Amino acid sequence: MAITETKYQQNLVTETLNRQVANFSVLYMKLHNYHWYVKGEHFFTLHLKFEELYKEAGLHLDTIAERMLAIQATPPATLKEHLKLATIKEATGNENAEDMVRTLVEDFATICNELTHGINIAEKSDDQPTADMFIAIRTSLEKHKWMLNAFLSK
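What counts as what
Residues numbered from 1 in each chain as written. Predicted model: local features only at pLDDT ≥ 70, side-chain atom pairs only at ≥ 80, totals over all residues. Heavy atoms only, no water. Helix = DSSP H or I, 4+ residues; strand = E, 2+ residues; numbered from the N terminus. Expected span 1.5 Å × (residues − 1). Buried < 20%, exposed > 50% of the residue type's maximum accessible area, 1.4 Å probe, protein only. Patch = residues over 30% accessible without salt bridge, like charges linked within 9 Å, V, L, I, M, F, W, Y side chains within 5 Å. Areas by Shrake-Rupley, 256 points an atom, 1.4 Å probe, with all protein chains shown as cover. Salt bridge = Lys/Arg side-chain N within 4 Å of Asp/Glu carboxyl O. Core = buried A, V, L, I, M, F, W, Y, C linked by side-chain atoms within 4.5 Å. Contact = heavy atoms within 4.5 Å. 1 Å grid on protein atoms, 1.4 Å probe; cavity = no way out; pocket = protein on both sides within 12 Å on 5 of 7 lines; lining within 4 Å. Points joined across faces, edges and corners; volume = space filled by probe spheres on them. Nonpolar A, V, L, I, M, F, W, Y, C, P; charged D, E, K, R; others polar.

It is worth spelling out helix 5 (residues 128-152) at this point. Taking 1.5 Å per residue as the helical rise, helix 5 with its 25 residues ought to reach 36 Å, and the 36 Å between its terminal C-alpha atoms agrees with that figure. Buried within helix 5 are the following residues: T130, A131, M133, F134, I137, S140, L141, H144, L148 and L152.

Below, the structure written as structure tokens:
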């Protein structure tokens, strides 16, 4: 691979990592919102599930940002940057419990699609550690998506 092609691929990896730092920052706060404001008959179940998910989102956020630092990239570190770069939206504050779960399923699907793209970009850049990290995160989100969809089934 030529030097300019290598640099181009590295930039694509960095852009992909930046987007996921932003997504997981927004997701982390959204999950806190849902954890604090969920109401209804599924309160106890969802309150605990949202806590589990925001803790995991925080771990993914840290892992991605630290990977960026390890490859000498600079992760976005302000809420303004995160909201600008994220492809998922923050909570509106008007969601009911079912809306919360449905929105998370959609967010996880969005992130999984982006991670799949990121895996391909990282592999083209011979960046197996980043590809492996994205695979692990995608695997976890796919499992959560399946469980949340099962929760929505009536």
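On the surface, M29, W36 and Y37 cluster together to form a nonpolar patch covering roughly 370 Å² of accessible area. Following the sequence through the fold, Y37 ends up in helix 1 (residues 3-37).

Counting residues in each nonpolar core, the largest one holds 42 residues, and the members touching the most others are F24, L27, L31, F50, L104 and L141. Put simply, the parts of the chain that give this core at least two residues each are helix 1, helix 2 (43-70), helix 4 (97-124) and helix 5. The greatest single-element share of this core, amounting to 12 residues, is contributed by helix 4. When residues no more than four places from it in sequence are discounted, the contact partners of F24 are A57, H60, L61, I64, I111, I137 and L141.

Its volume calculated, the largest pocket comes out at about 180 Å³. In terms of lining, the largest pocket is formed by K7, Q10, N11, V13, T14, I71, Q72, A73, S125 and D127. When the residues that make up the lining of the largest pocket are grouped by side-chain class, the tally is 3 nonpolar, 5 polar and 2 charged.

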